[in-house]
Amino acid sequence: MNQKHYEQMKNGNGFIAALDQSGGSTPKALALYGVTEDQYSNEDEMFDLVHEMRTRIITAPAFDNSHIIGAILFEQTMDREIEGMYTGDYLAEKKGVVPFLKVDKGLAEESNGVQLMKPIDNLDETLKRANERRIFGTKMRSVIKEANPEAIKEVVNQQFEIGKKIIDAGLMPIIEPEVDINSSEKEKCEEIMKAEIQKHLDNLGQDEHVMLKLTIPTVPNLFKELIEHPNVVRVVALSGGYPTDEANQKLKENNGLIASFSRALTQDLNVNQSDDEFNNELKEAVNSIYEASIT
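In what follows, the accompanying structure is described. (Residues numbered from 1 in each chain as written. Predicted model: local features only at pLDDT ≥ 70, side-chain atom pairs only at ≥ 80, totals over all residues. Heavy atoms only, no water.)

It is worth spelling out the pattern of salt bridges at this point. Oppositely charged side chains can form a pair if their charged atoms are brought close together. According to the stated counting rule, one finds 19 salt bridges in the structure shown. Between K164 and E208 there is a salt bridge; the shortest N-O distance is 3.0 Å. Linking K164 in helix 7 (residues 149-168) with E208 in the loop between helix 8 (186-202) and strand 9 (210-215), this pair joins segments that are 44 residues apart in sequence. Residue classification places E208 among the buried residues on the basis of a relative accessible area of 16%. One connected set of salt bridges, linked through shared partners, spans E75, D79, K105, R129 and R133. (Salt bridge = Lys/Arg side-chain N within 4 Å of Asp/Glu carboxyl O. Helix = DSSP H or I, 4+ residues; strand = E, 2+ residues; numbered from the N terminus. Buried < 20%, exposed > 50% of the residue type's maximum accessible area, 1.4 Å probe, protein only.)

Structure below.
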């Protein structure tokens, strides 16, 4: 494991940019950017356009390690190049930003108030390629919607089962059991989830470390014990659909929690903006998320 990247994720000031929209979420990301579905005719063209968007973001002056310590990539983005370099290498070498890879294959159908991850059939091959591309860590997402203790336990078990395989491959797993912000039982879901995560953390070996990506909790500082756990490198927060200002305000209420936002980072960017307009909008978003993350 790259120790420089480890130290940056453990102690760096800033946030993680989530640039990992894939599959069904890509058209939404492009539409938000001003690229409608009638502007591409197949999946290849769609992914070309989203890579152009991500390249514009990553190469912008505001996108560097003075405010952004890591970035999460989609698998195709990992295999594509920016200015003649694989994206992960460009991030690390040109921007000083630690590269992560989304490895899950999406969500299974909802059952018992949760959505587990679909099977990751090619995980070993993906992790091998991630190492070849000098990716530091991975991310995988599940969703919790109801306070069903057994179902939440299943979600967390699945996350850590795969997380252990990622650790064994020499990579840093970001465990992401997202609690739906629209759940009527959000606070109870978070309490159950936290207890299950703590059980798994306590069973990790001394040299086994993870990161956690969690919905900003209803009760401020609920995740204090997770943030301080010796096997946790960092706890980061997803915006979960909260408007940017609200997400930033909630983040400020949680000591030690930093952002890993996607939509909140890119929602004001548009394909038709001039470079100056684009860069200024991105700079404003980066600064606001950074300030909320270091409060």
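Now that the structure has been shown, we can carry on.
Before going further, it helps to examine a negative patch on the surface. There is a patch of like negative charges on the surface, built from D268, D276, E277, E281 and E284. Structurally, D276 is set in helix 12 (residues 275-294). (Patch = residues over 30% accessible without salt bridge, like charges linked within 9 Å, V, L, I, M, F, W, Y side chains within 5 Å. Areas by Shrake-Rupley, 256 points an atom, 1.4 Å probe, with all protein chains shown as cover. Lys, Arg positive; Asp, Glu negative; His and termini not counted. Charge placed at Lys NZ, Arg CZ, Asp CG, Glu CD.)

What follows covers the environment of D38. For D38, the location among the structural elements is in the loop between helix 2 (26-32) and helix 3 (43-58). Accessibility expressed as a relative area gives 67% for D38, which makes it exposed.

In terms of nonpolar packing, the biggest core is built from 81 residues, with F15, F63, M193, I197, L212 and L265 touching the most fellow members. Top element by residues in this core is helix 7. It accounts for eight residues. Among the nonpolar cores identified, the runner-up in size contains 14 residues, and M9, I72, F136 and I258 belong to it. (Core = buried A, V, L, I, M, F, W, Y, C linked by side-chain atoms within 4.5 Å.)

Right, let's get into the pairing of strand 7 (residues 137-144). A regular strand places its side chains so that they alternate between the two faces of the sheet. Burial analysis of strand 7 places seven of its eight residues in the buried class, the great majority of the element. One ladder, built from three bridges, connects strand 5 (residues 98-102) with strand 7; its direction is parallel. For F100, the partnering residue across the bridge sits in strand 7 and is G137. Here strand 6 (residues 114-115) pairs with strand 7 via two bridges, running antiparallel. In the sheet register, V114 faces strand 7, and the bridge partner there is I144. (Pairing = 2+ DSSP bridges.)

Attention now moves to unusual backbone geometry. Positive phi is not limited to glycine here, since R134 has a value of about 60 degrees. Positionally, R134 belongs in the loop between helix 6 (123-132) and strand 7. The backbone of N221 shows a phi angle near 65 degrees, a positive value even though the residue is not glycine. Along the chain, N221 turns up in the loop between strand 9 and helix 9 (224-227). We classify N221 as partly exposed; its relative accessible area is 30%.

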